[in-house]
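Chain by chain, the residues:
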Amino acid sequence: MTEQDSKDKYIKCSRCKCKYINDDNHNKTDFGYNRLNERYKTCVTCRERHKQYNHTYNQNHKDESKEYRKEHKEERAEYDKQYKKDNREYCNNLTKLSKIKKLAKPCENGFQRCTSCATAKDLSNYGEYLNRSEEVMHYVRCVDCRNREKAWLTKT
Ligand SMILES: [Zn+2]
Ligand SMILES: [Zn+2]
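1. Some words on the overall build of the chain
Thinking step 1. In terms of regular secondary structure, the chain is built from six helices and six strands.
Thinking step 2. Along the chain, from the amino end to the carboxyl end, the secondary structure elements read α-β-β-α-α-α-α-β-β-β-β-α.
Thinking step 3. Within the chain, buried positions represent 4% of all 156 residues.
Thinking step 4. A fraction of 23% describes how many contacts in the chain between residues 6 or more apart in sequence connect residues 24 or more apart.

2. Things to note about the environment of Cys 13
Thinking step 1. As for its placement among the helices and strands, Cys 13 is situated in the loop between β1 (10-12) and β2 (19-21).
Thinking step 2. Looking at Cys 13, the number of C-beta atoms within 10 Å reads 19, which means it is partly exposed.
Thinking step 3. Cys 13 sits 32 residues away from Thr 45 along the chain, and the two C-alpha atoms are 9.8 Å apart.
Thinking step 4. Not counting residues up to four positions away in its chain, the partners in contact with Cys 13 are Cys 18, Tyr 20, Thr 42, Cys 43 and Cys 46.

3. Some thoughts on the environment of Arg 39
Thinking step 1. On the secondary structure map, Arg 39 appears in the loop between α2 (24-30) and α3 (44-71).
Thinking step 2. Look at Arg 39 and you get partly exposed, because 14 C-beta atoms sit within 10 Å.
Thinking step 3. Considered as a pair, Arg 39 and Asn 27 are 12 residues apart in the sequence and their alpha carbons are 7.6 Å apart.
Thinking step 4. If sequence neighbours within four positions are ignored, Arg 39 has contacts with Asn 27, Phe 31 and Tyr 33.

4. As for the confidence of the model for the chain
Thinking step 1. Scored by pLDDT, the chain has a mean of 82; 88% of the residues are at 70 or more.
Thinking step 2. Looking across the chain, the model is least confident in helix α1 (residues 3-9), with a mean pLDDT of 60, and most confident in β2, with 93.

5. Quick notes on α3
Count 3.6 residues to each turn of an α-helix, and residues three or four apart come out pointing the same way.
Thinking step 1. Between the first and last C-alpha of α3 there are 40 Å, a value that for 28 residues agrees with the 40 Å anticipated at 1.5 Å per step.
Thinking step 2. Within α3, only zero of the 28 residues are buried, which leaves it mostly out in the open.

6. Examining helix α4 (residues 73-86)
Thinking step 1. Relative to the 20 Å expected for 14 residues at 1.5 Å per residue, α4 spans 20 Å between its end C-alpha atoms, a close match to the ideal helical length.
Thinking step 2. Among the 14 residues that make up α4, zero are buried, leaving the element largely open to the surroundings.

7. Brief notes about unusual backbone geometry
Thinking step 1. Phi at Lys 17 takes a positive value of approximately 65°, unusual for a residue other than glycine.
Thinking step 2. A positive phi angle, close to 65°, is found at Glu 134, a residue other than glycine.
Thinking step 3. Mapped onto the elements of the fold, Glu 134 is located in the loop between β5 (128-130) and β6 (136-138).

What counts as what
- Every chain is numbered independently, its residues counted from 1 as its sequence is written.
- Chains and ligands are labelled by the order in which they are written, letters from A for the one and numbers from 1 for the other.
- Since the coordinates come from a predicted model, pLDDT governs what is reported: local features require at least 70, and pairs of side-chain atoms require 80 or more to be given and counted, while whole-chain, interface and lining totals use all residues.
- Under the scheme used here, helices are H or I runs from DSSP no shorter than 4 residues and strands are E runs no shorter than 2 residues, and both carry numbers assigned from the N terminus.
- Exposed residues have 12 or fewer other C-beta atoms within 10 Å of their own C-beta, buried residues have 20 or more, and residues in between are partly exposed; the C-beta atoms are placed from the backbone.
- Our contact criterion uses C-beta atoms placed from the backbone: two residues qualify when those atoms are within 7 Å.
- Scored from 0 to 100, pLDDT reflects the predictor's confidence in each residue.
- A helix is expected to span 1.5 Å multiplied by its residue count minus one.

So this is what it looks like as structure tokens:
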């Protein structure tokens, strides 16, 4: 028997490496087919075992995290409240900005809306760079915003 023959006669499960007889009837019961009518690469036994394992794993960890969250619920709420209080300006700005950004549309006629301050400015306010295909691109954030960030990053 050549290598080719043995391949055709048997199919190896890619997980447990067991050999199964390769004909339609056996394939159906030993491997099964997916919705695209492709034969699974792992045998039914392996897939069942894997499913079982995942199920148990999820079950255990679900309980764990649910339990954990329940225990720390108040702590967590307290933390969130305190964080918002301490960073009120920051949090408010985030909410405001995300609303503006959702509404922001790319501008036309040589104008572009900065993704940071959401102001429409003409292209000369953005600066240019060359992308990998050597095309001239404009930054998505205006020079002012980029400078502001640069200053913030380098402040000591
Ligand atoms: Zn298997
Ligand atoms: Zn800007």
